[in-house]
Structure formats: C-alpha cells, structure tokens
Amino acid sequence: MTSTPWPAAWLKGFLEAAVLAVVAQGETYGYEITGSLQAAGFGQVKGGTLYPILGRLEESGWVQSRWEAGDGGPGRKYYTLTATGQAELAERATTWHAFSHTISHLMKEHQR
Amino acid sequence: MNTADYINDLVIELRLLDVPGNRIGQIMTETESHLAESKEDPVEAFGPARTYARELAGREGADVGGTTLPGRLARSVRGRDWLIIIGGFACTFAGASLLFNGVFGLLGRSTWLGLPAWLLIVVGVVLLVLFAIALRALRDPIVDPVTGESISWTLKGAQRK
C-alpha cells in the first residue's frame, strides 16, 4: 500500500470491507481487484495482502469462487458475492456510516 | 527471483505445513496467475515464501523446526507417517518372508509351520499388494484447480502437462 493520503492503519482496517465492496460490483478476480482498489484510492495492494483476505472471505461464506482456464497462462479464480456476503456488506456499510458520523461530529470544531 | 523458483519454494513450505494437495494447487495457480499479469517480482508482491506460506496455512508463528531443509523435512514427519514407515517395513518384511518361504516350499523345502506353500505365497503377495495400495491411497497429490488433474511435483519443481 503506497502513495495514498490515508494513514496505513485505516487502510489495513478497511481493506476487507473494501474488497467485499469491490466484489459486490460484479464477478472479478484477484489482479483485477487490485486495480479496482487502486482506482478507489486504496493505493497499490500487494498480492500477499489480498489473497489471504479473499481466502478468509471465502471461508466465511461471503464470497464464492469458480476457476476458469486462462488464455495461455494459468487459470483464474473468479469471485462473486453470496447472499450472506451481501448482508455482511450492508451491515458493515451501516455501521461505518454511523461510526464516521459520530467521529465527524466529535471532531467538527477542529476541522481546517 | 523468477516465478517458477518462488512457486517451488512456496510449495515446499506449504507441504511442510501440511496444507492439503488440492489447496496447494489452488494457491500455486492463484499466485502464478497474479504474477503473470502484474509482472511484479514474486518476493516484492507476496513476501518471502516461508512467511507467505505460514500466513496462508493460518499458522503465522509456525516453525517446523531447524533452518536446514533436511532438518525441517524430518521434523515435519507426522505420527501418521511414522506409522506408514514402521507398518510398511513390517508389512513388506513379513510379505516377502512368506512369499520366499512359499516359493522354497514349492521347490521341496519344509515350509513354515508346515503350512501349504500356495497359502504362504498368496498371503505374502496380498501383504505386499496391500502396502502398495495403502501408499497410493495416502498420497496427497497437488491438484490443478482448472483441469482437476494432479500436477507432478518433486523437489526439482512442478511439471505441468
């Protein structure tokens, strides 16, 4: 994770939710997810960080995957969001919204 | 480091951590596929193979002992493996002894406990075949997630068809 205006700890804490949100946009695969995260302002997320997260999301049943033969190269693993994944994402989005509202309210006077 | 060398190191580490063969096949393919597209240096993208394997195996602090490969291989041998080694030795020794005893019995020598030679030969062959079947069944091949075929892998590296 490099060259973003956000503190590293925030990115780390929200990466899982961000990956869930990217998969929610439609079927996608590992390398494409790194591109989407970068476009979303998450900076460059390394494969060594992303794949263990995808593994955990799959173990939790929030995403499901299928393999497809790559063109010439090795196969690609495509991920889609499951119904429970959709519910989890909605839950996190709601909680995040309430939390950010609370913190914004608390820090309102100090904003430059 | 090139991708093939990195993948081989990663497979050794995952094997040492007892990760099942089909999961190793998935990790191999996933990692190769990512590196093929991102064109990054494997260590840069995934970190050292040993660290990454431990994270994937869910055993971050795991240490399979020692720093040399032979030492770590020896320490990773599980109870089940010792059972195969000892059981296999007993099975093949008994099988071969009975077989030879039976064959010599056919040639006119006295057999063990005066048992019929054909019986000794049959039991001997069955013991040897059982061991061969057990060995095959206990193999945990690395499976290609796309084709479903096993990937032949030795310490020299993977041989994809």
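Residues numbered from 1 in each chain as written. Chains lettered and ligands numbered in written order. Predicted model: local features only at pLDDT ≥ 70, side-chain atom pairs only at ≥ 80, totals over all residues. Heavy atoms only, no water.

**Considerations on the overall build of chain B**
Counting secondary structure elements, chain B contains seven helices and three strands. What you see in chain B, going N to C, is helices and strands ordered as α-α-α-α-α-α-α-β-β-β. With 161 residues in all, chain B has 35% of them scored as buried. (Helix = DSSP H or I, 4+ residues; strand = E, 2+ residues; numbered from the N terminus. Buried < 20%, exposed > 50% of the residue type's maximum accessible area, 1.4 Å probe, protein only.)

**Points about the nonpolar core**
Of all hydrophobic cores here, the largest spans 43 residues; its most connected members are Val 19, Ile 33 and Leu 37 of chain A together with Leu 10 and Leu 14 of chain B. Each residue touching Val 19 of chain A, except ones within four places of it in the same chain, is listed here: Ile 33, Leu 37, Leu 50, Ile 53, Leu 54 and Leu 57 of chain A. (Core = buried A, V, L, I, M, F, W, Y, C linked by side-chain atoms within 4.5 Å. Contact = heavy atoms within 4.5 Å.)

**Topic: the side chain of Thr 29 of chain B**
Along the chain, Thr 29 of chain B turns up in helix α2 (residues 21-38). For Thr 29 of chain B, the side chain forms a polar contact with the main-chain oxygen of Gly 25 of chain B, separated by 2.8 Å. (Polar contact = N/O pair within 3.5 Å; in protein donor to acceptor, adjacent residues only side chain to side chain.)

**Regarding the pattern of salt bridges**
Summed over all chains, the structure comprises ten salt bridges over all chains. For Lys 46 of chain A, the salt bridge goes to Glu 44 of chain B, with nearest N and O atoms at 4.0 Å. Of this pair, Lys 46 of chain A sits in the loop between α2 (30-42) and α3 (47-59) while Glu 44 of chain B sits in helix α3 (residues 42-46), on two different chains. Judged by its relative accessible area of 52%, Glu 44 of chain B falls in the exposed class. As a salt-bridge pair, Arg 66 of chain A and Glu 68 of chain A come within 2.4 Å of each other at their nearest N and O atoms. Judged by relative accessible area, which is 34%, Glu 68 of chain A ranks as partly exposed. One salt-bridge network, in which partners are shared between bridges, spans Glu 16, Arg 56, Glu 88 and Arg 92 of chain A. (Salt bridge = Lys/Arg side-chain N within 4 Å of Asp/Glu carboxyl O.)

**Observations concerning the interface of chain A and chain B**
Contacts between the two partners involve 17 residues from chain A and, on the opposite side, 17 residues from chain B. Interface area, chain A with chain B, both sides summed: about 1600 Å², of which 59% is carbon and sulfur. The largest share of the area that chain A buries against chain B comes from Tyr 31, Tyr 51 and Trp 67 of chain A, three residues that together contribute 39% of it. Across the contact surface, chain A and chain B share three salt bridges. There are eight residue pairs in polar contact (both at pLDDT 80 or more) connecting chain A and chain B. Elements represented by at least two residues in the side of chain A that touches chain B include exactly α2, α3, β2 (63-68) and β3 (76-81) of chain A. Among the elements that line the side of chain A that touches chain B, the one with the most residues is α3 of chain A, at four residues. (Buried area = accessible area lost by both parts, 1.4 Å probe.)

**Some points on α3 of chain A**
All names here are of chain A. Taking 1.5 Å of rise per residue, the 13 residues of α3 would be expected to cover 18 Å, and the 18 Å separating its terminal C-alpha atoms lies within 8% of that figure. When α3 is considered as a whole, its buried residues turn out to be Gly 47, Gly 48, Leu 50, Tyr 51, Pro 52, Ile 53, Leu 54, Gly 55 and Leu 57. Once α3 ends, the next one or two residues include Gly 61, with phi positive near 80 degrees. (Expected span 1.5 Å × (residues − 1).)

**Observations regarding empty space enclosed by the protein**
Overall, the coordinates contain one cavity of 30 Å³ or more when judged by the stated rule. Each pocket or cavity is described by its volume, and for the largest cavity that value is around 80 Å³. Lining the largest cavity are 13 residues; nearest its centre among them are Gly 30, Tyr 51 and Lys 77 of chain A together with Glu 30 and Ser 33 of chain B. With four residues, the top contributor of residues to the lining of the largest cavity is α2 of chain B. (1 Å grid on protein atoms, 1.4 Å probe; cavity = no way out; pocket = protein on both sides within 12 Å on 5 of 7 lines; lining within 4 Å. Points joined across faces, edges and corners; volume = space filled by probe spheres on them.)

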